[in-house]
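Structural overview for review
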Amino acid sequence: MTATAPTYPSTAPAGPPALLLDSITKTYRSKAGAVDALRGVTYHFARGSFTAVMGPSGSGKSTLLQCAAGLDHPTTGTVVLNGVTLLGLNEVELTKLRRAEMGFVFQAYNLLPSLTVYDNVALPLRLTGRRPARNDVQRVLEQVGLEGKAKRRPAELSGGQQQRVAIARALITRPSVFFADEPTGALDSGTSRQILGLLREATDRAGQTVVMVTHDPVAAAYAERVLFLSDGLLAGHLDRATPAQIAAAMSDLEG
Amino acid sequence: MFFLSRQTVGRHRSLYAGSFVALAVGVFLLGLAATATAATIAYHGPTSASISVTTLGGDGTAPQNVKVPLSDADVSGLQTVLSLVGTISGFITIFVIASTFAFAVASRRREFGLLRLIGATPRQIRRMVLGEALAVALAASLTGALAAQLATPLLLRRASYTELAPVKLEPASPWVPLAIAVAAGLLVAMLGARSAARRAGRVGAIDALREAALEPPRIGPVRVVFGLLFLAGAIVMLTLIRPSSGEGAVPLAMFTPMVMVIALTLLAPLVVPLVGRLWAVPLVAWTQVSGRLARSNVLAAPRRSASLAAPILAISAIAGSMVLSLSFAADSAAATIRDAVRAPIVVTGAAPVDSAQVKAVDAGLPLRVVRVAADYAELEDAEGIDPAIAAQTRDLTVRSGSLAGLTGNTVAVSKEMAGFESYHVGDEIPVVFPDRTPVKLRVVAIVKDAFGVNPSFLIPLDLARKHAPEAQTERSFVLPADGVAPADLVKQVPGAQLATDWEADQADGVRKGNRLGLVMLLGPAALYSAIAIANTLLMGSLQRRHEFVTSRLLGATPAQLRRMVLWESSLVGTIALSLGTVITVTVGVLIRHAMTSGVADVPMTVPWGILLGIGALCLILAVGSALAPTTYLLRRSQPSAAVD
Ligand SMILES: Nc1ncnc2c1ncn2[C@@H]1O[C@H](COP(=O)(O)OP(=O)(O)O)[C@@H](O)[C@H]1O
Ligand SMILES: [Mg+2]
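On a predicted model such as this, the values are computed, not experimentally measured, just so you know.

1. Looking at the overall build of chain B
A tally of regular secondary structure across chain B gives 19 helices and 13 strands. A buried classification covers 52% of the 644 residues belonging to chain B. Long-range pairs, those at least 24 residues apart, make up 83% of the contacts in chain B with a sequence separation of at least 6. Surface summary for chain B: the accessible area is close to 28,300 Å², and the carbon and sulfur share equals 64%.

2. Here's the deal with the pairing of strand S1 (residues 17–30) of chain A
All names here are of chain A. In terms of strand pairing, S1 meets strand S2 (residues 33–46) through 11 bridges, oriented antiparallel. Paired with Thr 27 across the two strands is Asp 36, which belongs to S2. The antiparallel pairing of S1 with S2 creates a hairpin that spans two residues between the two strands. Where S1 and strand S4 (residues 76–81) come together, five bridges link them in antiparallel fashion. When the bridges of S4 are listed, Thr 25 appears paired with Thr 76.

3. As for the pattern of salt bridges
Residue and element names in this part refer to chain B. Counted according to the given criterion, the structure contains 21 salt bridges over all chains. Taking the shortest distance from any N to any O, the salt bridge between Arg 338 and Asp 339 comes out at 3.0 Å. The partly exposed category is assigned to Asp 339, whose relative accessible area is 33%. In this structure, Glu 383 and Arg 394 form a salt bridge, with 2.8 Å as the shortest nitrogen-oxygen distance. Here Arg 394 lies in the loop between helix H12 (387–393) and strand S7 (398–401) and Glu 383 lies in strand S6 (residues 377–385), a separation of 11 residues in the sequence. Taking the relative accessible area as the measure of exposure, Arg 394 reaches 0% and is therefore buried. It is possible to trace a salt-bridge network through shared partners that takes in Asp 362, Glu 383, Arg 394 and Arg 475.

4. Notes on unusual backbone geometry
Residues and elements named next belong to chain B. Positive phi, close to 40°, is recorded for Ser 422, a residue that is not glycine. Relative to the elements of secondary structure, Ser 422 occurs in the loop between helix H13 (415–421) and strand S9 (428–432). Even without glycine at this site, Arg 436 takes up a positive phi of about 70°. For Arg 436, the location among the structural elements is in the loop between S9 and strand S10 (438–447).

5. Some thoughts on the interface of chain B and chain A
Each side of the interface is counted separately: chain B has 23 residues, and chain A has 25 residues. Here chain B and chain A share an interface that buries about 2,100 Å² over both sides, 68% of which is from carbon and sulfur atoms. In this structure, the connection of chain B to chain A is made through one salt bridge. A salt bridge links Glu 91 of chain A to Arg 116 of chain B, with the nearest nitrogen and oxygen atoms 2.2 Å apart. At the level of secondary structure, the elements contributing two or more residues to the side of chain B that touches chain A comprise helix H1 (2–11), helix H4 (109–117) and helix H5 (122–159) of chain B. Examining the composition of the side of chain B that touches chain A, we find that six residues originate from one element, H4 of chain B, more than from any other.

6. A word on the site of ligand 1
Taken together, 12 residues form the shell around ligand 1, and within it Gly 58, Gly 60, Lys 61, Ser 62 and Thr 63 of chain A come nearest. In this structure, ligand 1 sits where chains A and B come together, each supplying nearby residues. At a separation of 3.3 Å, an oxygen atom of ligand 1 approaches a polar backbone atom of Ser 59 of chain A. The backbone of Lys 61 of chain A places a nitrogen or oxygen atom 2.9 Å from an oxygen atom of ligand 1.

7. A look at the side chain of Thr 184 of chain A
Mapped onto the elements of the fold, Thr 184 of chain A is located in the loop between strand S7 (177–181) and helix H6 (189–206). Not counting chain neighbours up to four residues away, the residues in contact with Thr 184 of chain A comprise Ser 192, Ile 195, Leu 196 and Ala 219 of chain A.

8. Some points on the sheet that holds strand S8 (residues 209–213) of chain A
All names here are of chain A. The mixed open sheet is built from six strands, whose spatial order is S6-S7-S8-S3-S9-S10. The outermost strands of the open sheet, each flanked by one partner alone, are strand S6 (102–106) and strand S10 (233–239). Here the strands of the sheet are splayed against their neighbours by 20° on average, with no regard to which way each runs. Two strands pair when backbone bridges link them, and S7 and S8 are joined in this way by five bridges, in the parallel orientation. Looking at the pairing, Val 177 lines up with Thr 209 of S8. Packed on one face of the sheet, helix H5 (residues 159–171) meets S6 and S7 and runs near 170° to S6.

9. Looking at helix H7 (residues 221–240) of chain B
All names here are of chain B. In this model, H7 (20 residues) spans 29 Å end to end at C-alpha, consistent with the 28 Å of a helix rising 1.5 Å per residue. Listed as buried for H7 are Arg 223, Gly 227, Ala 234 and Leu 238. All buried residues of H7 project into a common sector of 50° when viewed along the axis, lining one side. Residues of H7 that are exposed and angled more than 90 degrees away from the buried face: Pro 221, Val 222 and Leu 229.

10. A few points about the packing of aromatic side chains
Taken as a whole and judged by the stated rule, the model has four aromatic pairs over all chains. With a centroid separation of 5.8 Å and 25° between ring planes, the pair formed by Phe 104 of chain A and Phe 179 of chain A is classed as stacked. A residue pair is termed long-range when its members are at least 10 positions apart, and Phe 104 of chain A in strand S6 and Phe 179 of chain A in strand S7 qualify at 75 residues. The same class applies to Phe 104 of chain A and to Phe 179 of chain A, which are both buried. Both rings, one in Phe 477 of chain B and one in Trp 502 of chain B, keep their centres 5.8 Å apart while their planes meet at 90°; by these two values the pair is edge-to-face. Taken as a pair, Phe 477 of chain B in strand S12 (residues 475–480) and Trp 502 of chain B in helix H16 (residues 499–542) lie far apart in primary sequence, 25 residues in all. According to the relative accessible area criterion, Phe 477 of chain B is buried, its value standing at 0%.

11. Remarks on a positive patch on the surface
Residues and elements named next belong to chain B. Together, Arg 123, Arg 126, Arg 127, Arg 194, Arg 198 and Arg 202 line one region of the surface with positive charge. When residues of the positive patch are traced back to their parent elements, those giving at least two are H5 and helix H6 (175–201). Per-element tally for the positive patch: the top contributor is H5, with three residues. Here Arg 194 is to be found in helix H6.

12. What to know about empty space enclosed by the protein
This structure, assessed with the given rule, holds nine cavities of 30 Å³ or more. Looking at the largest cavity, its volume works out to about 90 Å³. Around the largest cavity, the lining residues are Arg 98, Arg 99, Met 102, Gly 103, Phe 104, Pro 124, Arg 169, Ala 170 and Thr 173 of chain A together with Leu 117, Ile 118 and Gly 119 of chain B. Contributing elements (two or more residues each) for the lining of the largest cavity: helix H2 (91–101), S6 and H5 of chain A. In terms of residue count, the dominant contributor to the lining of the largest cavity is S6 of chain A (three residues). Residue composition of the lining of the largest cavity, grouped by class: six nonpolar, three polar and three charged.

The rules behind the values
Residues numbered from 1 in each chain as written. Chains lettered and ligands numbered in written order. Predicted model: local features only at pLDDT ≥ 70, side-chain atom pairs only at ≥ 80, totals over all residues. Heavy atoms only, no water. Helix = DSSP H or I, 4+ residues; strand = E, 2+ residues; numbered from the N terminus. Buried < 20%, exposed > 50% of the residue type's maximum accessible area, 1.4 Å probe, protein only. Contact = heavy atoms within 4.5 Å. Areas by Shrake-Rupley, 256 points an atom, 1.4 Å probe, with all protein chains shown as cover. Pairing = 2+ DSSP bridges. Salt bridge = Lys/Arg side-chain N within 4 Å of Asp/Glu carboxyl O. Buried area = accessible area lost by both parts, 1.4 Å probe. Near = heavy atom within 4 Å. Polar contact = N/O pair within 3.5 Å; in protein donor to acceptor, adjacent residues only side chain to side chain. Axes fitted to C-alpha atoms, helices over the stretch in contact; angles between N-to-C directions. Expected span 1.5 Å × (residues − 1). Arc of directions from axis to C-beta. Phe/Tyr/Trp six-rings, centres within 6.5 Å; stacked < 30°, edge-to-face > 60°. Patch = residues over 30% accessible without salt bridge, like charges linked within 9 Å, V, L, I, M, F, W, Y side chains within 5 Å. Lys, Arg positive; Asp, Glu negative; His and termini not counted. Charge placed at Lys NZ, Arg CZ, Asp CG, Glu CD. 1 Å grid on protein atoms, 1.4 Å probe; cavity = no way out; pocket = protein on both sides within 12 Å on 5 of 7 lines; lining within 4 Å. Points joined across faces, edges and corners; volume = space filled by probe spheres on them. Nonpolar A, V, L, I, M, F, W, Y, C, P; charged D, E, K, R; others polar.

The values reported here are purely geometric and, on their own, carry no functional implication.
Rendered as structure tokens:
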């Protein structure tokens, strides 16, 4: 573990940064008092990179992801996605950017229970006002291994299958950046492997950028680079590490 | 977005069942009021028993011929009641629909957040909610209209030959009234859904990720401003409930609570937690964990609690104020009648013959005259009296002029009527008598009002005999001869009663009449509110399966959860009822003051039974409709269900 200031990942494919965080801070204010969830994070996610973010519980991982994706506004600092500064966008512009450029996968599968698998996957396209092409939907369903399940409803699928529907839904708009928060948190190891394989494939085959928050060293090992977050600050990184190395670094951080 | 609306309505059947039933019943009542009104409009009274008169014209209106029906076969009483039923139903419908939609939106924050996350704009969310509302509203309005059409003949059969419509009513063409009812239903639904949709549009993508789907405690500034405006309006209306408003005080007392209810509902997310905190003190002190849980559930989601409290608040405040106002109005009527009668004996029916035991008999002749004004002509109650005798048997205190001149073509007018029409002593009032003779009556006196004893127009007995030869004395006031005890005399004269007994009978009659009106007005509203209360609470509980499962997993027993729901719904019910009580008491105190000024010793009848009954019914409904689905859910929610 190299506890130095974060550097540009050498192993990532060259190219302009897909996502740029510049001195992000985030303070939550509530009746109970203020919490500094992020205390100045600067980082460039290269196009086509797969980055895992790890850290103890409460270290600000989810907050980082939400600020990076424009779901929440950082207290200070800027976020630039594919050259667009999120700060100046209004709610509708943010939404349009989100549906064009970003895909989301979360621990809770977040599917609409009333829609079939097919309709869930096609929903982002419908929201843009486009009529989804049957072939496109079938193709992403195949890609995640759910061919033949198009007519099912989420309740009729296993957890792993539901998460694959969520990935298919993220894939269908061909986003440039994937945001994943504990995508395998509720899955067994075999199913987790399939899900992580899908994310890996997105970077390898389509040059999409993946930012994944996880607490599982095995999952983190799918990424080229693991960023460590501690108390709202970047505490270092590991490149192409094994699960054992990552686990050791984590226990250092927590200890 | 309509594609989504269609799918989600199906999914949220339990949420929308509430709105559906509420709106269908609302449109049913509106439709019924509309078809019945159409039937009364289509009804043409017997033409023979009417008088044709020409109005005076002037002030920009030309004289015109109008027909004034002479008989009692008049359906305007029913029309008035129907329009009131329509107004109240419409009001409660808007109200219930707005709160059920608000509730549906509040319990779906996560879903909206998710849609926003995957790219729905706020506008798309708004349109989706409106689309859902439209789908539900269409189905509900058509159902309600169909039911109204089926029920119309039944209602008309019931309403025919009653005090309100002493004629036979036949259904008229239903298309226009039902179209109006359906349109009103759609409009009401859209109005109600609008604010809910706007709120749904404000849900952020991040709400899909937050752990609890807890709503923010904030309440929009627009809502606060409107709430305060309505509150100010209600307060202004309250200040108008004063003695000088006369007869207008009772309608004011009936409509002010509605404005007050709107104000309190708008401000409910602020008011409900406040009152809730108060009532929670004894609750937490008496109970163990379940009361504490109930308290935090009610306080942590003020919007949700406000939606649940709204229908209870509405019906308790409106019904309570109406019942109390009418009762106080009847008390005041009883006191007025008591003060207006001076004779110790009243004889109902034909006047008693003079005898040695009788000093004087005031046998007035009741008749009706058509009063002709500039642009209308109206049938008025009048009585032919002998002023010399009547001045001894009843209160005919003269405000101006003199009763001595009540001979020939003259009239004495009650103070209220004189006020309305600005009559002064010396004015001439053109009238047409039942024998069709037009006469100009000169005002010789303005006398004190005596509702229930004296009509607004008093004419000389001879004039009445001359122009209304068929008029019969219906009640007379009798002064016994000196030394004759009234109690003895009563036993000898047929139809005689002690004045005190007669006064009590009259007051009873007023109360009975009020009761009929109350049943017609409040019946549908109460039925409707009952459905609404049951609805919102049912929906609320059915949405909580997940919470129950989790609590069971944590070791809560079904009995503990049931107790929690019991306390929760009682707390919400108590909050709503205490606000309703405040409104009722305020209106009651004001109307009492307005009604008793100038009259001494007005009896006070508080209809405790009915008022407590309303409160108890609201509470039972609230608790019952929260507990029933909970019991059902708990039976199907073994802790193991949390795993799937
Ligand atoms: N909506 C919120 N309001 C207040 N505090 C929050 C909120 N979300 C997160 N926090 C706090 O911010 C810190 C970081 O949270 P989070 O980013 O969720 O951590 P992680 O995902 O690493 O567990 C924690 O101390 C948490 O309690
Ligand atoms: Mg987290």
